[in-house]
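Geometric and topological summary
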Amino acid sequence: MGNPLKAKMTVDKQFVLAEVDPRLYSSFIEHLGRAVYGGIYEREHPLADEYGFRQDVAALIREIGVPMIRYPGGNFVSGYNWEDGVGPAASRPQRLELAWRTLESNEVGTNEFIRWARELQSDVMMAVNLGTRGVDAARNLLEYCNHPSGSYYSDLRISHGYAQPHGIKTWCLGNEMDGPWQIGQKTADEYGRLAAETAKAMRLVDPSIELVACGSSFRAMPTYAQWEAAVLDHTYEQVDYLSLHTYYGNTENDTANYLAKSLDMDLFIREIVAVCDYIKAKKRSKKTLQLSFDEWNVWFHTLETDKNITPWQTAPAQLEDPYTFEDALMVGSMLITLLNHADRVKIACLAQLVNAIAPIMTENGGSAWRQTIFYPYLHASLYGRGTVLRPAITSPLYDSKEYTDVPLLDSAVVMNAEKEELVIFALNKSLEETLLLECDVRSFQDYRVEEHIVLEHADVKAVNTAAHPNHVYPHNRGNARVTGGQLEAALPKLSWNVIRLRRA
C-alpha cells in the first residue's frame, strides 16, 4: 500500500494579502428567464408579500447575506429603456426583449427592485444602457435615482412614491460591449469614448459614485487584452473598476480537467491586472485600478436545449442549469481563486441568483430550494469576511487534458481578528484519494477547531431537486484538529471543506 496523499501549508497572521471587500460575495439579477418573474417576484404565489415578491426566495437570499446585486443586466440592459420600468405599473409598456427574445412586461422596474434589495439589506449595482442608448439616458437615470429633489427626474421619482433618493453607489457602464451577441456592439475605441463621456456626465450629476468599465466579454474573445488596453486608454482616470466575466463547464464529462479550469480563472485575473498596470504606467497615473468580476459561475448544461425555446414568451424557463455536486466543487474553487486575488478583485457577482444559472431554484406557485452550488457560496459569504492571508502551500500535482501541474489542494485562508477566528477553505480535487492536510498555525496560539464542514457525495452528478432538496448537503463531521500549533485534517476525495478555528 502506497503512502497517503499529503499536502502541507503554513499560515501566519503576518502574511497579509488584503482585506476582503464584502462585495466579493455579490450576485446578479437580470430580466432573463424566470430570474425576476417566477423567481424573486410572483404576485399570485401564496408566499408573496404585499408587493408581489416571494418571501421564501427572500429568506434563502438572506441566508447567504448577499451584499450587493447587479441589475438589470446583463445582455438585457443593452436594449432597455429604463423609463419603461417606472411610474404606474398599469401604464407600463410591454416590449419585445431582444437579448433573450422574450416579452418584457416591465411590471418590475428600478424602484421595485431597489426597494426589494434594500429589504434584504443588499445594495444595488446598477447598469446603464450603452448599447442602444448613451450619455443622456445614463445621466437621467442617475438623476432619477440619486438626486434629492428639485429637478425634473428627481421630482419624477418623488411623484412615483419614492421621496428619498436611492443613493446607488456603484454603476456599470454597459455590458459586454465587444460581444457580437450584444445589441449595440462596439469597437474598443467606440465604447471607450462613449464610456468616458458617460462617466464624465454621470460624475457631474453625482461625484460620489463608483464606475465600472467593460472588459472583454471573456478571455477567449479575439480582441482580448487589446480591448482592455484600448478601453482603459480612454477611461482610466474616469472609472474605478474594470469588469471580467467567465463561465466554465464540463461538456467533455472530464471531472479532473473541469476542476483544473480554476487555473484559467487565476491566469485571467493576473493578465487583466497586468493590462491595468500597463495603462497606469503609460499614463504615469497614481491611481491603481481595481477589478469587478461581475459575472462568474458554471454555465453549460442548458446551452443547447435553450436554443429551442419558442421566442416571445413571458418569463420562459431559460438557463435553468441543474447543478451537480461537481459543479459545486468548481464554484468552490472559483471562490477560492477570487479570495486569493482580494488585493485587486473588490467586487464579484455570482451570475445569477434565482432560477437562471442560479444557486436558488423555484417552482411557479410551489417551493424554492438550494442547488448544490448554494453551499460553497453560502460558506464563503458567511465565513470569508476579514483579512485574506497568503498561505505557503506544498501540494501533490496532477495533469489533465488541458492543464499541467494542477494542485490537488485549492485553498484560501481568511483571518477575522474581531471574531478571533481563522477560516481555511480547502478543496481536494483528487478523484480517488483522501488528502491529508498538515497546516502550521503556530502564530494562532490557543486557537482550536470550532467546526470542520464538509461537502462530499459519492456521485459527482448528484443534484438537488424540488422533490429531493437535500440530496447534496454539507455535514460538520470533518476530523480537523489542532495539536501543538499543528492542524491536521483528512480532506475526503472530491470535497469542499471549511475549517473554522477560534481562540479557545
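Quick note: structure is the one above.
The rules behind each value
- Residues numbered from 1 in each chain as written.
- Predicted model: local features only at pLDDT ≥ 70, side-chain atom pairs only at ≥ 80, totals over all residues.
- Heavy atoms only, no water.
- 1 Å grid on protein atoms, 1.4 Å probe; cavity = no way out; pocket = protein on both sides within 12 Å on 5 of 7 lines; lining within 4 Å.
- Points joined across faces, edges and corners; volume = space filled by probe spheres on them.
- Helix = DSSP H or I, 4+ residues; strand = E, 2+ residues; numbered from the N terminus.
- Nonpolar A, V, L, I, M, F, W, Y, C, P; charged D, E, K, R; others polar.
- Pairing = 2+ DSSP bridges.
- Axes fitted to C-alpha atoms, helices over the stretch in contact; angles between N-to-C directions.
- Salt bridge = Lys/Arg side-chain N within 4 Å of Asp/Glu carboxyl O.
- Buried < 20%, exposed > 50% of the residue type's maximum accessible area, 1.4 Å probe, protein only.
- Contact = heavy atoms within 4.5 Å.
- Parallel < 35°, antiparallel > 145°, perpendicular 65-115°, else oblique.
- Left-handed = near helix turned anticlockwise from the far one by under 90°.

As a further point, take the layout of surface pockets. One number sums up the size of the largest pocket: a volume of about 940 Å³. Looking at the second largest pocket, its volume works out to about 580 Å³. Forming the boundary of the second largest pocket are 22 residues, of which D266, R270, N340, H341 and S411 lie nearest the centre. The dominant element in the lining of the second largest pocket, judged by the number of residues it contributes, is helix 8 (residues 262-282), at six residues. Across the lining of the second largest pocket, the residue classes tally to ten nonpolar, six polar and six charged.

Moving on to the sheet that holds strand 24 (residues 486-491). Taken together, five strands build an open sheet; the order of strands is 16-1-21-24-23 and the sheet is mixed. Strands with a single pairing partner mark the edges of an open sheet, and in this sheet they are strand 16 (392-394) and strand 23 (481-483). Averaged over all pairs of adjacent strands, the angle between strand axes in this sheet comes to 20°, irrespective of strand direction. Across three bridges, strand 23 lies against strand 24 in antiparallel orientation.

Under the counting rule described, the total for this entry stands at 34 salt bridges. Of the charged contacts in the structure, one is a salt bridge between R115 and E119, with a shortest N-O distance of 3.0 Å. Taken together, the positions of R115 and E119, both in helix 2 (residues 110-119) and four residues apart, correspond to about one turn of that helix. On the basis of relative accessible area, R115 is assigned to the buried category, the value being 15%. E119 gets classed as partly exposed once you look at its relative accessible area, which sits at 40%.

Let us now look at the sheet that holds strand 8 (residues 170-173). Judged by pairing direction, the barrel is parallel, and its eight strands sit side by side in the order 3-4-7-8-9-10-11-12 before closing back on the first. For this sheet, the mean inter-axis angle between neighbouring strands, taken without regard to orientation, is 30°. As defined by bridge partners, strand 8 adjoins strand 9 (residues 210-213) across three bridges and the pair is classed as parallel. Residue W171 lies in a different strand from strand 9, and its bridge partner there is L211. Along the sheet, helix 2 contacts strand 4 (68-71) and strand 7 (123-128); its crossing angle with strand 7, the most-contacted strand, is approximately 155°. The strands touched by helix 5 (residues 188-205) are strand 7, strand 8 and strand 9; relative to strand 8, the strand with the most contacts, the crossing angle is about 150°.

Here we take up the packing of helix 9 (residues 325-339) against helix 10 (residues 374-383). Contact geometry for helix 9 and helix 10: axes closest at 8 Å, N-to-C directions at 25°. Taken together, the axis directions place helix 9 and helix 10 in an arrangement best described as roughly parallel. The crossing of helix 9 and helix 10 is right-handed. Facing A328, V331, G332 and L335 of helix 9, the residues of helix 10 in contact are P376, Y377 and A380. Looking at the contact of helix 9 with helix 10, its residues break down into six nonpolar, one polar and no charged.

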